[in-house]
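Examination of the molecular architecture
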Amino acid sequence: MTLDAIISQYRDVEGGLIEALHAIDNEYRCIPESALSKLAEAFDVPVAKVYGVATFYAKFKVGERGSNLIRVCESAPCHNAGAALVLAAIESNLGIKAGETTADGRFTLELTECVGCCNESPTITINEVPYTKLTPEKVPELLSKFR
Amino acid sequence: MSIFEMLFGKKEKTNEINVQVHEKPVKEEVATTQETSRFEKKAKRSEHKMGMVTLTIDGRKVKAPEGATILEAAKIVGINIPTLCYHPDQSIKAACRVCVVEVEGARLLQAACSQPVFDGMVVKTTTPAVREARRVVLELILAHHPQDCLNCIRNQNCELQRLAEEYNIRSNRFEIVNKGLPIDDFSPAIHRDPNKCIVCGRCIEVCEQVQTATVYSKNQRGYKTVVAPVMNKSLNEVACIACGQCIHACPVGAIFEKDDTENVWSAIADPNKHVVCQMAPAVRAGLGEEFGMAPGELDMGKIVAALRQIGFDKVFHTNFSADLTIMEEGNELLQRLQNGGTLPMITSCSPGWIKFIEHFYPDLLDHLSTCKSPQQMFGALVKTYYPEKAGIEPASIYSVSFMPCTAKKYECQRPEMADSGYQDVDVVITSRELARMIKEAGIDVANIEPEEFDAPMGLYTGAAVIFGATGGVMEAALRTVYEVVTGETLQDINFTMVRGMEGIKEATVKVGDLDVKVAIAHTTGNARKLLDKIRAGEADYHFIEVMACPGGCIGGGGQPIPTTNAIREARIAAIYEEDASLPIRKSHENPAIKELYDTFLEKPLGHKSHHLLHTHYTARSKYPYEKKD
Amino acid sequence: MGFNKEKRIVLRHYGLVNPTSTEDYVNKGGYDALKKAKAMQPMDVVEEVKKSNIRGRGGAGFPTGLKWSFTAKITDADQKYVVCNADEGEPGTYKDRLVMEGVPHQLIEGMAIAGHAIGATKGYIYCRGEYPNSQKALRQAIADAKAKGILGDFDLEVRSGAFAYVCGEETALIESIEGHRGEPRYKPPYPGVAGLWGKPTIVNNVETYANIPAIIENGADWFAGIGAGNYPGTKVFTLSGDVVNKTFVEVPTDVTLREIIFDFGGGIVDGKRFKAVQVGGNSGGIIPEELLDTPIDFDAMSNIGMTLGTGAVFVMDETRDMVDVVKCMMKFFEHESCGKCTPCREGTFRLFKGMCKIANGEANANDLATMETLARVMNKTALCGLGQAAPTPFQTTVRYFAADYQKRL
């Protein structure tokens, strides 16, 4: 769907700006810069505010992300369960650090807070789907499914 | 008979314009005035609705209206609770937490700025817990703030610095961390150093609520929160109107005018340059505050003397071209009325306002008067009329403009502002920069012997003086239009219904057979309301005055800091006093203007006028940084 | 699990009804309480909730009936709102997810009852963005209940959070529903008077609403008699960390932490010794074994400087280094502070920096003292609960596990 088509679905929703951001994020995994003024027009909100809202929420990234978004939970239960080792394994597998995107645009790696799977930590999510009880050893096989 | 003939045909020529010394109101404690006005408004609101409550603050009994905050109640008994994000003209933010106090029975310290009082409340403002909290909060802010007060444009006029001094902060328990953010110095008018920002949100509020340009937002979150335009663009790249109201809102030195004083000093030092200056009427109303005086207390003649002392070859006044503006604009209005031109016609003196309508209402540009602002009319004449008269090479002229305004810095650089064949105004210096120059020159401005402006471009009327206040252009125009059209002399030239701080003022004035409907808006937020009416076809005004800044030019972004609404009102009072003190108070009676038309321009809206005094506007985007497809 | 103290009110239908089937919920007695409540005067429903003494299952433990009564009393509002705080952001917590994905109709029913009680025809469930499945379950259940006419004129909508822990604070949550940055508002005015879009609004946690149908069904006295008198009912706990049974349990509020960890949780993994437990999530206190016999009710917890909060029970064995753990928690707050007020924006930044310094062996006693002063100021001065509670893990570990710090100085 085009940005305009997505945004127009939420135009009449009260407080719909964030809902529209979600919908754009679902489609593009990011908020393209060109979406900002379109959102501003649709919701009659100054574009500075749109940007302020979009950058407040960690889910949204104004700019670009890779086609697969990996988030590694670094909250305490996952931390104690070895999240740092899992993160290191992902970083070395992809050759990027947290916050970066692979050169081929295939993966973006981010850190996140709790995803609510603390009974099966450590947890990462790939494209919002949780993968739990991870170990560094399981990382290469898991990632290979997204290449 | 042309309007010009009607205006000047039978008038006596006056050679002298007196510069008078006025009695000034007693200087008041500025902070107290502001607090009181806010508080009184609240008290008035509360009186009929709610009762009074009695509370105790630091052992003193205080009677305060229900609904008052602790901060307001404490003021009554002379206790100044420190604040930082608080601003007397703005909404409560309760964000900085500098104003916390202890309230008996409360688990937490309470923010005095937001916590309402209640009957029997017991407040303590200097307990160990309060002192510790305030000190830690201040140290936290200071440790994340550049340690370069000495180099800061707000040195000695900074709310944070003052608090650090009041709280006797001599060291910081936290490691000093520099945010390392880039400085935005691309705009010709306003620069930003986000490293100094303390995230109080005051600039955001004034830009969004008062001006509705909404350039700023808080971006990111947590300690990475930064107040900036969309995508951290420069102010130069977004729909900033350069009004500079954010500078007045800023408690520290995070937003400030581009300082151009060095250019002026260089020009003065250059023997091949003939340096002339003009000064807007609002500058005098505020300049004295930079030297510890009350609004309007500084005498015009002393400023003239100071400028000569600094080294200006000629000291002129923008009021000259303000009178000229009335001639041109008044004629334009009459022409539009007669010929079915676009109405309402809207004034075009305020460059922040012009930029606003260009960005946000480009479809309504036809409503703008084509008259250049007084500054730019002056600029065009000072490199044509003046050198012709004075026998000077125009290329040698360096034209300096003293303005209450940051947007004027932008205006003088607009490409169309070069009708003299040169950049008409070479540099714009705000009131604050002018004060800096006077200080650097070591001039005791309070005691210098007053002098008079140079002729002919320093001669003006009271009508020009009131350009500095909201409603002033309208009143000046009405004084002239009335007499021109009716041929009668006004019984009372004071059009008081167009004066004052009300956001939008409306009036109907009978001019001959015509009921002239006028409206006056100050702040672009109020202008927006009128523009929406025009767009909706609901505006039956003939003439609208718009000034971008609250209170008009006297409240401009280049005026002394602080500039609050209470101070604006005091400056406005000074403006009307000055008007009342002058012998000639109607633009069409200015003999220098008559001479200008006689010997140079020929007639209003004539060929030369058109070339030098009128301009055109540019439709702009709300998103100017976006590349066009 | 053989834990005889378990008692299910919130999760009474969990695993027993098909979450995607409205009929199944109705067949098991679901929505009977809504019918019963609708036959009552709204103020009587509020009174019943008040009498049950149920207190909020989110963070602050405010009496729910009292909260409702403020809003119910307002008669001149053209619109009121019922809002559910489902922004379950505390690490170690997933109790609300169980309700939303396991028994979504029970939450919906509780909110509809609240709507009747306070006179609101519109409700919002603000569900954290990390729970797409919960949102899906709720949206489906709401659509089905609406289609079947069960909700009458009560309209309910799900709004998604977007990874901002602070939106668990009720006024930040409201700001977020309105489409703004999730920055808390100062109070007063409280949401009960001026909340969502300035209208009177009650905000309650998922677990609180999920208790309401049972209270209406069985009566206030029944509920008030369960568990601890000052905080009656049950509480859902979620166990994580170095505990054998990493799962959830619902128990009356008069059990102790020791019972939860050792009886229900099965003790520590690999036969190691217990060292510490954090209750309530990242903003909760971390306490040693000597305090494990404290009952888990809100006030007993408060008395030892703890908050029951969300019921997260994060267990740490003897090998865990408190400096390392707290450093991780302080990084969380640094990332999650909204940045509005100074003590939290700058304080969370400094606490994390300080913990890094300690962890690297670069700190001295002065640094620690500065952090303790800062923590005290944050407790008392921050605008909202996030900044007030953020230092708690640091403060409680300095108090109870001083050795972990001392050896790094």
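The paragraphs below set out a description of the structure included in this document.

The rules behind these values
- Residues numbered from 1 in each chain as written.
- Chains lettered and ligands numbered in written order.
- Predicted model: local features only at pLDDT ≥ 70, side-chain atom pairs only at ≥ 80, totals over all residues.
- Heavy atoms only, no water.
- Helix = DSSP H or I, 4+ residues; strand = E, 2+ residues; numbered from the N terminus.
- Buried < 20%, exposed > 50% of the residue type's maximum accessible area, 1.4 Å probe, protein only.
- Contact = heavy atoms within 4.5 Å.
- Areas by Shrake-Rupley, 256 points an atom, 1.4 Å probe, with all protein chains shown as cover.
- Buried area = accessible area lost by both parts, 1.4 Å probe.
- Salt bridge = Lys/Arg side-chain N within 4 Å of Asp/Glu carboxyl O.
- Polar contact = N/O pair within 3.5 Å; in protein donor to acceptor, adjacent residues only side chain to side chain.
- Nonpolar A, V, L, I, M, F, W, Y, C, P; charged D, E, K, R; others polar.
- Pairing = 2+ DSSP bridges.

**A short note on the overall build of chain A**
Scanning chain A from terminus to terminus reveals seven helices and four strands. Starting at the N terminus and ending at the C terminus, chain A contains elements arranged as α-α-α-α-β-α-α-β-β-β-α. Burial statistics for chain A: of 147 residues in total, 59% are counted as buried. For chain A, contacts bridging at least 24 residues in sequence account for 60% of all contacts bridging at least 6. Carbon together with sulfur atoms contributes 48% to the accessible area of chain A, which is approximately 5800 Å² in total.

**Structural notes on the interface of chain C and chain A**
With 51 residues of chain C in contact, the opposing surface of chain A contributes 32 residues. Summing the contributions of chain C and of chain A, the shared interface buries around 3100 Å²; its carbon and sulfur component is 57%. Considering only the side of chain C, the residues that lose the most area to chain A are C:Ala162, C:Phe163 and C:Arg181, jointly responsible for 19% of the buried surface there. Linking chain C to chain A there are one salt bridge. Where A:Glu74 meets C:Lys331, a salt bridge forms, and the shortest distance between an N and an O atom there is 2.9 Å. Between chain C and chain A we count 16 residue pairs in polar contact (both at pLDDT 80 or more) in total. If you list the elements that add at least two residues to the side of chain C that touches chain A, you get strand E2 (122–127), helix H7 (132–147), strand E3 (155–160), helix H8 (170–177), strand E7 (234–241), strand E11 (312–317) and helix H13 (322–336) of chain C. Per element, the largest residue contribution to the side of chain C that touches chain A is eight residues, and it comes from H13(C).

**Considering the interface of chain B and chain A**
At the junction of the two partners, chain B supplies 18 residues and chain A supplies 15 residues. When chain B packs against chain A, the two sides together hide about 1400 Å² of surface, and 57% of this comes from carbon and sulfur. Among the residues of chain B in contact with chain A, B:Arg221, B:Met231 and B:Tyr623 are the three that bury the most area, contributing 39% of the side total. Our count for the chain B to chain A interface comes out at two salt bridges. A salt bridge links A:Lys49 to B:Glu208; the nearest nitrogen and oxygen atoms lie 2.9 Å apart. Counting every contact that joins chain B to chain A gives seven residue pairs in polar contact (both at pLDDT 80 or more). Broken down by element, the side of chain B that touches chain A gets its largest block of residues, three residues, from strand E7 (residues 217–219) of chain B. For the side of chain B that touches chain A, the class distribution of residues is eight nonpolar, five polar and five charged.

**Brief notes about the sheet that holds strand E8 (residues 248–252) of chain C**
Residues and elements named next belong to chain C. In space, the five strands of this open sheet follow the order E8-E7-E11-E9-E10, with mixed pairing throughout. Two strands lie at the open edges of the sheet, namely E8 and strand E10 (286–287), each paired on one side alone. Where E7 meets E11, four bridges bridge the pair, whose relative direction is parallel. Bridge assignment links Ser240 to a residue of E11, and that residue is Phe314.

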